[in-house]
Amino acid sequence: MITLLQGTVDTATQLTDTTSLTNQVVATPPQEIHFIDLLFQGGWVMIPLALLAFLGLVIFIERYITIRNASKSEANLMLQIKQYIHEGKLDHAITVCRNNRSPLSRMLEKGLRRIGRPIKEIEGAIENVGKLEVSKMEKNINILGIVAGIAPMLGFVGTIIGVIQIFHDVSIKGAIEIGTISGGLYVKMITSASGLVIGIVAYVLYHILNMMVERIILRMETDSIEFIDLLEEPGK
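What this report covers is the structure whose coordinates are included nearby. This is a predicted model, so every value here is computed, not measured.

Details of the overall build of the protein chain
Okay, step 1: The secondary structure content of the protein chain amounts to 9 helices and 0 strands.
Okay, step 2: Put simply, the protein chain runs from its N terminus to its C terminus through helices and strands in the order α-α-α-α-α-α-α-α-α.
Okay, step 3: Relative to its full complement of 236 residues, the protein chain shows a buried share of 32%.
Okay, step 4: Relative to all contacts within the protein chain whose residues are 6 or more apart in sequence, the contacts with residues 24 or more apart total 77%.
Okay, step 5: Surface summary for the protein chain: the accessible area is close to 15,300 Å², and the carbon and sulfur share equals 64%.

Section: the pattern of salt bridges
Okay, step 1: According to the stated counting rule, one finds 8 salt bridges in the structure shown.
Okay, step 2: Arg63 is paired through a salt bridge with Glu62; the nearest N and O atoms lie 2.7 Å apart.
Okay, step 3: Of the charged contacts, one joins Arg113 and Glu109 as a salt bridge, the two residues approaching to 3.1 Å between their closest N and O atoms. With Arg113 and Glu109 both in helix 6 (residues 103-113), this residue pair falls 4 residues apart, about one helical turn.
Okay, step 4: Residue Arg113 is classed as partly exposed on the basis of its relative accessible area of 43%.
Okay, step 5: Members of the salt-bridge network, linked through shared partners, are Arg98, Glu109 and Arg113.

Digging into unusual backbone geometry
Okay, step 1: Phi at Asn140 takes a positive value of approximately 70°, unusual for a residue other than glycine.
Okay, step 2: Along the chain, Asn140 falls in the loop between helix 7 (119-137) and helix 8 (141-173).
Okay, step 3: A relative accessible area of 33% places Asn140 in the partly exposed class.

Observations concerning the side chain of Arg63
Okay, step 1: With respect to the helices, strands and loops of the structure, Arg63 is situated in helix 3 (residues 46-70).
Okay, step 2: Not counting residues up to four positions away in its chain, the partners in contact with Arg63 are Lys136, Met137, Glu138, Lys139, Ile141 and Leu209.

Overview of the packing of helix 6 against helix 7
Okay, step 1: Their axes nearest at 8 Å, the elements helix 6 and helix 7 cross at an angle of 155°. It follows from the interaxial angle that helix 6 and helix 7 lie roughly antiparallel. The crossing of helix 6 and helix 7 is right-handed. Contacts from Pro103, Arg106, Met107, Lys110 and Gly111 of helix 6 reach helix 7 at Ile122, Ala125, Ile126, Val129, Gly130, Glu133 and Met137.
Okay, step 2: Looking at the contact of helix 6 with helix 7 residue by residue, the classes come out as 7 nonpolar, 2 polar and 3 charged.

So, the nonpolar core
Okay, step 1: Counting 34 residues, the largest nonpolar core has Ile67, Ile81, Leu108, Leu112, Met137 and Phe227 as its most contacted members.
Okay, step 2: Elements that contribute at least two residues to this core include exactly helix 3, helix 4 (75-87), helix 5 (90-100), helix 6, helix 7, helix 8 and helix 9 (178-231).
Okay, step 3: Here the element with the most residues in this core is helix 9; it accounts for 11 residues.
Okay, step 4: Discounting residues that sit within four places of it in the chain, Leu108 has contacts with Leu77, Met78, Ile81, Cys97 and Phe227.
Okay, step 5: Counting residues in hydrophobic clusters, the runner-up holds 10 residues, among them Leu52, Val147, Ala148 and Ala151.

A few points about a nonpolar patch on the surface
Okay, step 1: Together, Phe156, Ile160, Ile164, Leu196, Ile200, Tyr203 and Val204 make up a nonpolar patch on the protein surface, roughly 690 Å² of accessible area in all.
Okay, step 2: Mapped onto the nonpolar patch, the elements with two or more residues apiece are helix 8 and helix 9.
Okay, step 3: The element best represented in the nonpolar patch is helix 9, accounting for 4 residues.
Okay, step 4: Position of Val204 among the secondary structure elements: in helix 9.

Some words on the environment of Glu214
Okay, step 1: Within the secondary structure, Glu214 sits in helix 9.
Okay, step 2: Classification of Glu214 as exposed rests on a relative accessible area of 53%.
Okay, step 3: Sequence-wise, Glu214 and Val134 are 80 residues apart; in three dimensions their C-alpha atoms are separated by 9.2 Å.

Some details on the environment of Ile150
Okay, step 1: Checked against the element boundaries, Ile150 lands in helix 8.
Okay, step 2: Taking the C-alpha atoms as reference, Ile150 lies 8.7 Å from Leu52; in sequence the two are 98 residues apart.

Reading the values: the criteria
Residues numbered from 1 in each chain as written. Predicted model: local features only at pLDDT ≥ 70, side-chain atom pairs only at ≥ 80, totals over all residues. Heavy atoms only, no water. Helix = DSSP H or I, 4+ residues; strand = E, 2+ residues; numbered from the N terminus. Buried < 20%, exposed > 50% of the residue type's maximum accessible area, 1.4 Å probe, protein only. Contact = heavy atoms within 4.5 Å. Areas by Shrake-Rupley, 256 points an atom, 1.4 Å probe, with all protein chains shown as cover. Salt bridge = Lys/Arg side-chain N within 4 Å of Asp/Glu carboxyl O. Axes fitted to C-alpha atoms, helices over the stretch in contact; angles between N-to-C directions. Parallel < 35°, antiparallel > 145°, perpendicular 65-115°, else oblique. Left-handed = near helix turned anticlockwise from the far one by under 90°. Nonpolar A, V, L, I, M, F, W, Y, C, P; charged D, E, K, R; others polar. Core = buried A, V, L, I, M, F, W, Y, C linked by side-chain atoms within 4.5 Å. Patch = residues over 30% accessible without salt bridge, like charges linked within 9 Å, V, L, I, M, F, W, Y side chains within 5 Å.

As structure tokens, this is what we get:
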């Protein structure tokens, strides 16, 4: 009888221990994965991707500040130039352009220094300066386009390399484990996601800068035409 009771107690103890372990397993919260940790798990491909992201950001900030400074309103400049030309004070007009230090002012200064020569020659000089100013504003913008194209492809390369490593490990073990494949695959997909995000952002920033430059070009063309028309007025 005592032996039977002892066996019952042991069985109850084992059931209690099993229930306790089960509750511990259920109560264990899922492991949280932080964004930074995921990036570090992407492998060596994340290093060139990070360099591309940094390069694109630096170029955008530098070009944005430069183009923004060049796109300041020049309405007062044209009014002053018109007034000085009507009054015959070319030296004052040239001084105003020299002190302004904008693409339009440099174009107008070149045209003012050519006054007295044929209109075609003045127009050609203004056009040449305009092309030079546009090339200065567009400097390094194409690098953003390159980043937008390279980053996604580099991310896919990282994912493909990771998949190759996963199946190489499977071939060595001789057994397919779903946990190994799925766990390794989601880590390697980080490079693809990072490359796509960097590429999309660089693509958007590239077109933002291009739109800013095109807006300045339109204004420069409009003001240069107005300047040439001013020189062609009777009595000039």
